[in-house]
Amino acid sequence: MDRELNPFKPGSGLRPPALEGRAQQIDAFDLLVARSKRRNYDRGMVLSGLRGVGKTTLLNTLADHADRHGWLTITLEARPTDAGTAAVRAKLSQELLVALRRYSRTHRIHQIVDPLIDIVRSFSLGIGLGPATVTLSSAATAGSGDIDLDIEELVEAIADALKPRGSAFGLFIDEMQDLDSTLLSALLAVAHRAAQREWPFFIIGAGLPNLPAVLADARSYAERQFLYSTIGPLPHAAAAAALRDPIVATGGDITPDALDMLVEASGGYPYFLQEFGKAIWNAAANNPFDTDDAELAVDVGRRHLDDGFFPSRWTRTTDRERRYLTAIAQTGEEHPRSGQVAERMGSSTTAISDVRDSAMRKGLVWSPEHGRIAFSVPGMADFIRRQPRP
Ligand SMILES: Nc1ncnc2c1ncn2[C@@H]1O[C@H](COP(=O)(O)OP(=O)(O)OP(=O)(O)O)[C@@H](O)[C@H]1O
Ligand SMILES: [Mg+2]
């Protein structure tokens, strides 16, 4: 088929041609927004799942929805390194300034928003950001340097301004497991206070499967603070629709058998669905696409994954991390015990704890339960087993 028309989009956070199987989360968020207009404030939401399962896409969809309903929204992506931490803090205040300016223009409420902009500027200074030459209005607070206090004052001021309008402040945080612990604790504490004082402030987070545990470690009440939702592979019907609907909408068609083959090969993982969808569109000689096309598409799609999706993770590892990941893959188990992995490396659990931690920080593995380890990237174990032995 004509490559120019190919509707599929394998990539990071790219809006898919059909967003399937996420009605439950979208409906829950719609309800949160609708209730917030009536000043009934629910808990924020946390979406967690493996790599490539569609968390960023869903988070962006929810943020767009909130925007359309007149919320003040900002979106952040956390980073694991120290340099990343400073960048995220800088981005927080910068995004807030941009969002407030945009909000003030769209809603024509300069008198309400301008003082908030001053507060954000002093907040930037308080956390060691921004030009030292900024002059603060006398009303400006949130510059104490104590991040807990400053964020609280900032959120309170914004919430006070938005509440009478039935609007709300939504902070959307991607890769939230990587947020630095001080900022994370401060944000959770403010969201907690916001809930008690009925401030319209919501954190909507997305991240790897260890995110709920990271939040619980940061603040014990985090377990009750959010509506938690696991974002998994798509069930068969949704996965089939994610492939078939864009094909049909773009003037193609696919036989049920060919569709089943692609769904099966993808395991319902959204990233893989996009990759196989793209491959069958480009490979198909005739319309409707048949099982010969599907077979070829699975081959081509897998090759693409082996050239991009997996190596982009694999090449970021050190030699020792590779040996660790290989040992996990060699167990053949989905959630092997750490002891088993250590044994394969001819070592002890304590001796490999540093490499386990570094692989975790890189978001390659996570611990589904105490003493067990698993890949955060679906299909990673098979990819590693396909690699030539060094
Ligand atoms: N519900 C869905 N239906 C069909 N395709 C989807 C769906 N959600 C996401 N996708 C597609 O899957 C791919 C991966 O999505 P996304 O980047 O949001 O995943 P992610 O979970 O954020 O991954 P990572 O953990 O690597 O950041 C994208 O190409 C996107 O278009
Ligand atoms: Mg993502």
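Owing to the predicted nature of the structure, the values given are computational and were not obtained by experimental measurement.

Here we come to the nonpolar core. Core analysis: the largest hydrophobic core is formed by 72 residues, its most contacted members being F29, L262, Y324, L325 and F375. When residues of this core are assigned to their parent elements, the largest contribution, 7 residues, is made by helix 11 (residues 270-283). With residues up to four places along the chain from it excluded, the contact list for L262 reads L243, I254, F276, I280, A294, A297 and V298. Core analysis: the second largest hydrophobic core is formed by 48 residues, L76, I147, A157 and L184 among them.

The next subject is the site of ligand 1. Residues in close proximity to ligand 1 total 26 residues, the closest being K9, G13, L14, T56 and T57. Between an oxygen atom of ligand 1 and a main-chain N or O atom of K9, the distance comes to 2.5 Å. The contact in question runs from an oxygen atom of ligand 1 to an N or O atom on the side chain of T56, over 2.7 Å. Contact with the protein chains removes 97% of the 630 Å² of surface that ligand 1 exposes when unbound. For the shell around ligand 1, the elements supplying multiple residues, two or more each, are helix 2 (55-68) and helix 11. Across the shell around ligand 1, the residue classes tally to 11 nonpolar, 8 polar and 7 charged. Here the shell around ligand 1 spans two domains, since at least three of its residues come from each of domain 1 (3-11 + 234-307) and domain 2 (23-230).

Next up on the list: the environment of L59. Along the polypeptide, L59 turns up in helix 2. Placed 53 residues apart in sequence, L59 and N6 show a C-alpha to C-alpha distance of 25 Å. With sequence-adjacent residues up to four places away left out, L59 is seen in contact with L47, F172, I173, D174, I204, G205 and A206.

Turning our attention to the domain arrangement of the chain. Domain annotation for the chain reports domain 1 (3-11 + 234-307), domain 2 (23-230) and domain 3 (311-386). Summarising the inter-unit geometry, the C-alpha centres of domain 1 and domain 3 are found 31 Å apart. Residue-level contacts link 5 residues of domain 1 with 4 residues of domain 3. Approximately 390 Å² of surface area, both sides summed, lies buried where domain 1 meets domain 3, with 61% of it carried by carbon and sulfur atoms. Its largest share of buried area at the contact with domain 3, domain 1 owes to Y269, F272 and D306, together 80% of the area lost on that side. The tally of links from domain 1 across to domain 3 stands at 1 salt bridge. With a closest N to O distance of 2.7 Å, D306 and R386 form a salt bridge. Linking domain 1 with domain 3 are 1 residue pair in polar contact (both at pLDDT 80 or more). Per-element tally for the side of domain 1 that touches domain 3: the top contributor is helix 12 (residues 291-307), with 3 residues.

Phi is mostly negative for residues that are not glycine, and the peptide bonds are mostly trans. Cis geometry is found at the peptide bond from N287 to P288, where omega equals 0°. Mapped onto the elements, P288 comes out in the loop between helix 11 and helix 12. Although it is not a glycine, E175 adopts a positive phi angle of roughly 50°. Locating E175 in the fold gives a position in the loop between strand 3 (169-174) and helix 6 (181-197). Under the relative-accessibility criterion, E175 is labelled buried at 13%. Positioned with a positive phi, E198 is a non-glycine residue whose angle comes to about 55°. Classification of E198 as partly exposed rests on a relative accessible area of 43%.

Rules used in this analysis
- Residues numbered from 1 in each chain as written.
- Chains lettered and ligands numbered in written order.
- Predicted model: local features only at pLDDT ≥ 70, side-chain atom pairs only at ≥ 80, totals over all residues.
- Heavy atoms only, no water.
- Core = buried A, V, L, I, M, F, W, Y, C linked by side-chain atoms within 4.5 Å.
- Buried < 20%, exposed > 50% of the residue type's maximum accessible area, 1.4 Å probe, protein only.
- Helix = DSSP H or I, 4+ residues; strand = E, 2+ residues; numbered from the N terminus.
- Contact = heavy atoms within 4.5 Å.
- Near = heavy atom within 4 Å.
- Polar contact = N/O pair within 3.5 Å; in protein donor to acceptor, adjacent residues only side chain to side chain.
- Areas by Shrake-Rupley, 256 points an atom, 1.4 Å probe, with all protein chains shown as cover.
- Nonpolar A, V, L, I, M, F, W, Y, C, P; charged D, E, K, R; others polar.
- Domains from an automatic or database assignment.
- Buried area = accessible area lost by both parts, 1.4 Å probe.
- Salt bridge = Lys/Arg side-chain N within 4 Å of Asp/Glu carboxyl O.

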